[in-house]
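Listed here are the chains, written in short residue letters.
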Amino acid sequence: MSLAQEKCARWLQGRATVAPDGSVHLAAREGGELRHKLARAYDWITTHALVTPFEDVAFGHAQQLGRAAHAVPVHASRAWSSFVLLPLLTLVTGQRLLIIGGPGRGKTSVAMLMAQLAGYPSAEVRRSVQRGHPQLTVSDLLGSALPSDLLKATHGEPVRVAWRRWLGLRVKVIDEYNRIPTKTQSALLSLMAEGCAEAFEQVVEVGPSSWYLTANDDLGGGTFEVIEALRDRIDAVVRCPPYSGRMLDALADRVGDARPAADTLPRDIVLSLAEIERAGEAVRAVPIPADVLDALGFFAGQLDFCTRASARLEFKNKDTLHIAGRRVAHVCNEDCPLDKQENLCAQTEGGVSARAYQSLLLLAKGLAWFRGEPAVSLEDVRALLPWTLHDKLRINPQSAFFQKSEHQVYLTDRVSWILQMFDRALAQRAAYARVREPVERSRRALVDLALLDEAQLEKHADELRAMIAKLVDQGEVNAPVHADLLVLKGLHGRCQRALGERREAGR
Amino acid sequence: MIDALLDEMAALGREQHSRFDAAAFRAIGADAAGLLWAETRDAPGAEVVLRSYLRLLAEAVGMGCAARDPSGAHANLLSLLFAELVPVLLPAVAPARRPRALADAWNLGEGLLSEPAWMNRYAAALCAPVASLDDFPAHLAAVLAPALAPRPASGWLGPSTVRVLDARSVRDDFLPGAMHLAAPSVVCVHDRRAPRSQLGLFLDYAGQSSLLGPTPCLGANLREGALPPVAFARNAAEIAGRAVPLPWLRAPQDTLVTAAGFVLATSADSQRLWVIDTP
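Residues numbered from 1 in each chain as written. Chains lettered and ligands numbered in written order. Predicted model: local features only at pLDDT ≥ 70, side-chain atom pairs only at ≥ 80, totals over all residues. Heavy atoms only, no water.

Now for the sheet that holds strand β2 (residues 176-183) of chain B. All names here are of chain B. Spatial ordering of the open sheet is given by β2-β3-β4-β5, a layout of 4 strands whose pairing is antiparallel. Every interior strand has two partners, whereas the edge strands, β2 and β5 (210-215), have only one. Direction aside, the axes of adjacent strands within the sheet are offset by 25° on average. Note that β2 and strand β3 (residues 186-191) share 5 bridges and pair antiparallel. Bridge pairing links M179 to V189 in β3. Helix α6 (residues 117-127) rests against β2, β3, β4 (198-202) and β5 of the sheet, and its axis sits at about 105° to β5. (Pairing = 2+ DSSP bridges. Helix = DSSP H or I, 4+ residues; strand = E, 2+ residues; numbered from the N terminus. Axes fitted to C-alpha atoms, helices over the stretch in contact; angles between N-to-C directions. Contact = heavy atoms within 4.5 Å.)

On to the side chain of K318 of chain A. All names here are of chain A. Position of K318 among the secondary structure elements: in helix α13 (residues 318-323). Although K318 is buried, it makes no salt bridge; D304 carries the closest opposite charge, 6.1 Å away. A polar contact is formed between the side chain of K318 and the side chain of T348, at a distance of 2.6 Å. Those residues in contact with K318 that sit more than four places away from it in its chain are Q302, L303, D304, F305, C306, V328, C345, T348, E349 and G350. (Buried < 20%, exposed > 50% of the residue type's maximum accessible area, 1.4 Å probe, protein only. Lys, Arg positive; Asp, Glu negative; His and termini not counted. Salt bridge = Lys/Arg side-chain N within 4 Å of Asp/Glu carboxyl O. Polar contact = N/O pair within 3.5 Å; in protein donor to acceptor, adjacent residues only side chain to side chain.)

Below, the discussion takes up the confidence of the model for chain A. Within chain A, residue pLDDT values average 88, and 96% of them lie at 70 or more. No element of chain A has a lower mean pLDDT than helix α10 (residues 248-256) of chain A, which averages 70, and none a higher one than helix α3 (residues 82-93) of chain A, which averages 96. (pLDDT = per-residue confidence, 0-100.)

The subject of this paragraph is the sheet that holds strand β10 (residues 262-267) of chain B. Residues and elements named next belong to chain B. Pairing within the open sheet is antiparallel, and its 4 strands lie in the order β1-β11-β10-β9. Both outer strands of the open sheet, β1 (161-166) and β9 (252-258), are each paired with one neighbouring strand and no more. Within this sheet the neighbouring strands show an average axis-to-axis angle of 15°, counted without direction. Bridge count between β10 and strand β11 (residues 272-277): 5 bridges; the pairing is antiparallel. Its bridge partner lying in β11, A265 is registered against W274.

The next thing to look at is the interface of chain B and chain A. Listed by partner, the interface residues are 32 residues for chain B and 28 residues for chain A. Of the roughly 2,500 Å² buried between chain B and chain A on both sides combined, carbon and sulfur atoms contribute 60%. Of all residues in chain B, the largest losses of buried area upon contact with chain A belong to S18, R19 and N107 of chain B, amounting jointly to 22% of the total for that side. The interface formed by chain B and chain A holds 6 salt bridges in total. For R267 of chain A, the salt bridge goes to E15 of chain B, with nearest N and O atoms at 3.9 Å. Between chain B and chain A we count 14 residue pairs in polar contact (both at pLDDT 80 or more) in total. Only α1 (2-16), α3 (46-62), α5 (98-113) and α7 (136-148) of chain B provide two or more residues apiece to the side of chain B that touches chain A. With 11 residues, the top contributor of residues to the side of chain B that touches chain A is α5 of chain B. Looking at the side of chain B that touches chain A residue by residue, the class counts come to 16 nonpolar, 7 polar and 9 charged. (Buried area = accessible area lost by both parts, 1.4 Å probe. Nonpolar A, V, L, I, M, F, W, Y, C, P; charged D, E, K, R; others polar.)

A word on the nonpolar core. By size, the foremost hydrophobic cluster in this structure holds 104 residues, and its most contacted members are I45, L88, I99, L117, F299, W369 and L389 of chain A. The element contributing the most residues to this core is helix α15 (residues 354-370) of chain A, with 11 residues. When near neighbours in sequence (up to four residues on either side) are disregarded, I45 of chain A contacts L50, V51, V84, L88, L113, M114 and L117 of chain A. Counting residues in hydrophobic clusters, the runner-up holds 69 residues, among them L50, L56, M63 and L108 of chain B. (Core = buried A, V, L, I, M, F, W, Y, C linked by side-chain atoms within 4.5 Å.)

Among the surface-exposed residues, L65, V72 and V74 of chain A lie close enough to one another that they form a single nonpolar patch of about 220 Å² accessible area. Looking at the element boundaries, L65 of chain A is found in strand β4 (residues 62-65). (Patch = residues over 30% accessible without salt bridge, like charges linked within 9 Å, V, L, I, M, F, W, Y side chains within 5 Å. Areas by Shrake-Rupley, 256 points an atom, 1.4 Å probe, with all protein chains shown as cover.)

Right, let's talk about the pattern of salt bridges for a bit. With the rule as written, the count across this model stands at 38 salt bridges over all chains. E458 of chain A is the partner of R503 of chain A in a salt bridge, and the nearest nitrogen-oxygen pair spans 2.4 Å. Of this pair, R503 of chain A sits in helix α20 (residues 479-506) while E458 of chain A is found in helix α19 (residues 454-474), placing the two residues 45 residues apart along the sequence. Owing to a relative accessible area of 33%, E458 of chain A belongs among the partly exposed residues under this scheme. When salt bridges with common partners are traced through the structure, they connect R15 of chain A together with R55, E59 and E110 of chain B into a single cluster.

One non-glycine residue with positive phi stands out, namely E176 of chain A, at about 50°. One can find E176 of chain A in the loop between β11 (171-175) and α8 (182-194). Judged by relative accessible area, which is 23%, E176 of chain A ranks as partly exposed. A positive phi angle is found at A240 of chain B, which is not glycine, with a value near 45°. Structurally, A240 of chain B can be placed in the loop between β7 (236-239) and β8 (242-245).

Right under this line is the structure:
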């Protein structure tokens, strides 16, 4: 049999078959790249369900058109709307997304669409949405004990709990989470943080989930203040765009159709749970180059730094201030020698947790995968940074940076604020490249101290001390220099430990 | 009845496919279904066959596969079959065999979609003149066999055979320009003036190379190592030190050498293609 005959014979076993009544049946289509399926889902949602002209996630070189103050950047490559892109990435990465925006903007709709994309029927999705309200109890959220068991029980163990069905779903939607009472928020925190819930001494595991929470106004507009730990468990925040007056024809079509757009979700964009798992695995396999991590680390190191918080190198951070009950504004004044326009530390009230960077990196992997890129790029990180730090990075409005009229817009536009900080950090990183190079060289040289003899270790320790002294003496100790000093001090400590061990062994 | 069926299948297509183009489906389906129905309506099971055909056509449209390139050539075999051949050729198949022929046509067309683009376009170009759907699987296998057969590397010792092909025989205004190797035996020839107009060319020994007809760009650009030095002069080429006469070739516009022993040239002032084969 020739190769051509072999191929034809294999193709003939395809999904079209003849039924006894003579009709030709097509089995469901399998395979195909999952990212293409997700791209089709994006296209369908933005043309049929949540029509939006706002494409704020763009890549590639931007050409600035028009007058400087109002210049419009246009990109040569494809752009996406964060409002749809972030929920899709959350679906395949199993993250927790907060969707914020005014009433009627489509927050709950986009969350419910994600549940339908995961294959849940619309009726079940509607039933499973947890609607936040001031009377929502832990039992309402998790389930309650079976009354018959309660009557018979003499202790907690035999009481069976009728867990709420939504707990088992892969996609979980919590509507208006900032209207949930504080006690119930704590139960929600356990679910989101640990993936399990407890009632009557029984525990239910909820398994891997993609969470969608909505809030009209996340910065104090809810009925209850959101507990800090719960807020910290949210991986990203996305804003609903306002409705565009140019899109009224889409609304007119919808008015003419009795069915909601979500009920006409085409089957070729619905992902099975196995496909979501596979997509998640593919996302996690996307590599993050060391250069991208270094750039992100350079940025992150500046947010938490405060030279006036302490005289000691290790405590020069904003946590030191906060523990003492002080704020950045109390010390970030003319007594601080650092330039408030240049140094990012002046702009923030604090840094963010390691969890936030983990979320960012996973979403960035997701974005690179979605774009068909072989590895995460700085562009992926930049595109997602505003949404992962949106609710976590606190601004220092008293900073001299914001006193400049052209910077005051950042007090209202957090996305642009975070982006400009990252762009400044990248520019600074490029400017500091020569200063950082010897530090990086030392770090690479001292990866494996076991390869070095005592004399070499002593030579390295001498060099490290000289580098530390030079860095401190040559100029101001700002965040980048502070980060380098910490690295050098750490390396010096390792050399000293290794020397001590060698000497101990030689005795 | 056809209108109702078209509406029903369009609704099904929309339910199934996020990129279903109802207008394209109707544009192809209305004429095709009319033709098929006119020729088969008296046969037993004709309505079932028509419904099956439209269902498959809707699937092809939804998958974005029922498409032509700007030159009008079908982008793939599935498109050629369901937009053009099936409505015309299915009535000639015995009524009892029609469902099987439809299913086979679908499976072959969809199977080819998983192969490199050149193979699908090659198959579409060569199957365009097929006269019957009876035993179409065997026909497709025969069409693909020479393109998939391995070709040993040439020793370039000769003798060589020259074949001069005229692009005008396929398209009146085609001016052969840049060429690239899509597969060891298949070349994509681009029109110098029309950027999205291409011809396929099948390479064969003993002067049997032939033009495959209009095709979308066959895609791949195969790079082969260890090729002999080839020099062109007026009306001749020198291959590995041997002179091969090339009638009417003044100055080559574009040339291509393949490891299997083929040397191709186009000319700035001609619609001809020169193919030298040296097995």
